[in-house]
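Overview (structure and organization)
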Amino acid sequence: MNPVQLRQHLESLAAAGVLDLPRGPSVAAVSQSPQPAPPRVQTPPRVQTADLLAGLDVLRSEVAACQQCAELASSRKQTVFGAGSPTAKICFLGEAPGADEDAQGEPFVGKAGQLLTKIIEACRLTRDEVYILNVLKCRPPGNRRPLPDEVTNCRGFFERQLSLLSPDVICCLGATAAQALLGATEPIGKLRGQWFRYREAAVICTYHPSYLLRNPAAKRDVWDDMKLMMRHFDVQL
Ligand code: URA
């Protein structure tokens, strides 16, 4: 890691709430010492890449044409399918697009998204190396929580999306994602910090970045969850 990369990494850590690093070699020594290879977060997909991309394209078109939730379909600017690497080993599953995502057609691009980007970078990854999707593909008006019927209507979409992506790890951001994926009923504070399973994938739950914007003290817990998640890939943060 050169000094510029080191500085960017430390800034990401700080933005993600990591202000205390374990005692170790000095920063100068760290910047000069050999660094472990970056985490291998992409592997050959389990289906052929062409089939995977074609499958995602078909699904994206179905999502874009969806009219199942009349209120959402009539109020959205566009659907927000997902973004990132189709061969990523880690998928971040959020709740639903907000105003910024509705305008740009990409998940997590507003304030909460900027914080998610910092969290991803603190894991020594980039947004392009993971995949980000939401339970709902349309913005609920006024950014209200998704209704149970809306989650039911979108279930076929996010489940097919995850089955095409076949990540090793799914990180549920907040209670809506955890409940939709795992059927969990406990609050997110009880679900975080442990592993669950969804089909072939290991699942970890953590606080939603929007919650962190209101409760910065919870960043410490999210950092612990990210450390646990990255240990799955033999990466010590
Ligand atoms: N919150 C979410 O859950 N998803 C987004 O895409 C943006 C904010």
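This text goes with the structure placed above it.
Observations regarding helix H11 (residues 219-231)
The end-to-end C-alpha distance of H11, which contains 13 residues, comes to 18 Å, matching closely the 18 Å that a straight helix rising 1.5 Å per residue would cover. Those residues of H11 that sit buried are Lys-219, Val-222, Trp-223, Asp-225, Met-226, Leu-228, Met-229 and Met-230.

Regarding the nonpolar core
With 64 residues, the main nonpolar core has Phe-92, Leu-181, Met-226 and Met-229 as its most contacted residues. With residues up to four places along the chain from it excluded, the contact list for Phe-92 reads Leu-116, Ile-120, Val-130, Tyr-131, Ile-132, Leu-133, Cys-171, Leu-173, Met-226 and Met-229.

Observations regarding the packing of aromatic side chains
As enumerated under the stated definition, the model contains 1 aromatic pair in all. Between the aromatic rings of Tyr-207 and Tyr-211, the centroid separation amounts to 4.8 Å while the plane-to-plane angle is 25 degrees, which identifies the pairing as stacked. Given the relative accessible area of 13%, Tyr-207 is considered buried.

Details of the state of the cysteines
Counted under the stated rule, the structure contains 0 disulfides. The thiol of Cys-172 is unpaired, and the distance to the nearest cysteine sulfur, on Cys-205, comes to 4.4 Å. Using a relative accessible area of 0% as the deciding quantity, one classes Cys-205 as buried.

A few points about the pairing of strand S4 (residues 169-173)
Burial runs high along S4: 5 of the 5 residues are buried. Residues Val-169, Cys-171 and Leu-173 line one face of S4 and the alternating positions Ile-170 and Cys-172 line the opposite face, and both faces are buried. Looking at chain direction, strand S2 (residues 90-94) and S4 are connected through 4 bridges and run parallel. The partner of Phe-92 across the bridge, within S4, is Cys-171. Pairing geometry for S4 and strand S6 (residues 201-206), over 5 bridges, is parallel. Of the residues in S6, the one forming a bridge with Cys-171 is Ile-204.

A look at the site of the ligand
The local shell around the ligand consists of Gly-94, Glu-95, Ala-96, Glu-101, Pro-107, Phe-108, Asn-134 and His-208. A distance of 2.7 Å separates an oxygen atom of the ligand from a polar backbone atom of Glu-95. Contact with the protein chains removes 92% of the 240 Å² of surface that the ligand exposes when unbound. Under a 2 Å grid-point criterion requiring more than half of the atoms, the pocket assigned to the ligand is the second largest pocket. Classifying every residue of the shell around the ligand by side-chain character gives 3 nonpolar, 3 polar and 2 charged.

Rules used throughout
Residues numbered from 1 in each chain as written. Predicted model: local features only at pLDDT ≥ 70, side-chain atom pairs only at ≥ 80, totals over all residues. Heavy atoms only, no water. Helix = DSSP H or I, 4+ residues; strand = E, 2+ residues; numbered from the N terminus. Expected span 1.5 Å × (residues − 1). Buried < 20%, exposed > 50% of the residue type's maximum accessible area, 1.4 Å probe, protein only. Core = buried A, V, L, I, M, F, W, Y, C linked by side-chain atoms within 4.5 Å. Contact = heavy atoms within 4.5 Å. Phe/Tyr/Trp six-rings, centres within 6.5 Å; stacked < 30°, edge-to-face > 60°. Disulfide = S-S within 2.5 Å. Pairing = 2+ DSSP bridges. Near = heavy atom within 4 Å. Polar contact = N/O pair within 3.5 Å; in protein donor to acceptor, adjacent residues only side chain to side chain. Areas by Shrake-Rupley, 256 points an atom, 1.4 Å probe, with all protein chains shown as cover. 1 Å grid on protein atoms, 1.4 Å probe; cavity = no way out; pocket = protein on both sides within 12 Å on 5 of 7 lines; lining within 4 Å. Sits in = over half its atoms within 2 Å of the grid points. Nonpolar A, V, L, I, M, F, W, Y, C, P; charged D, E, K, R; others polar.

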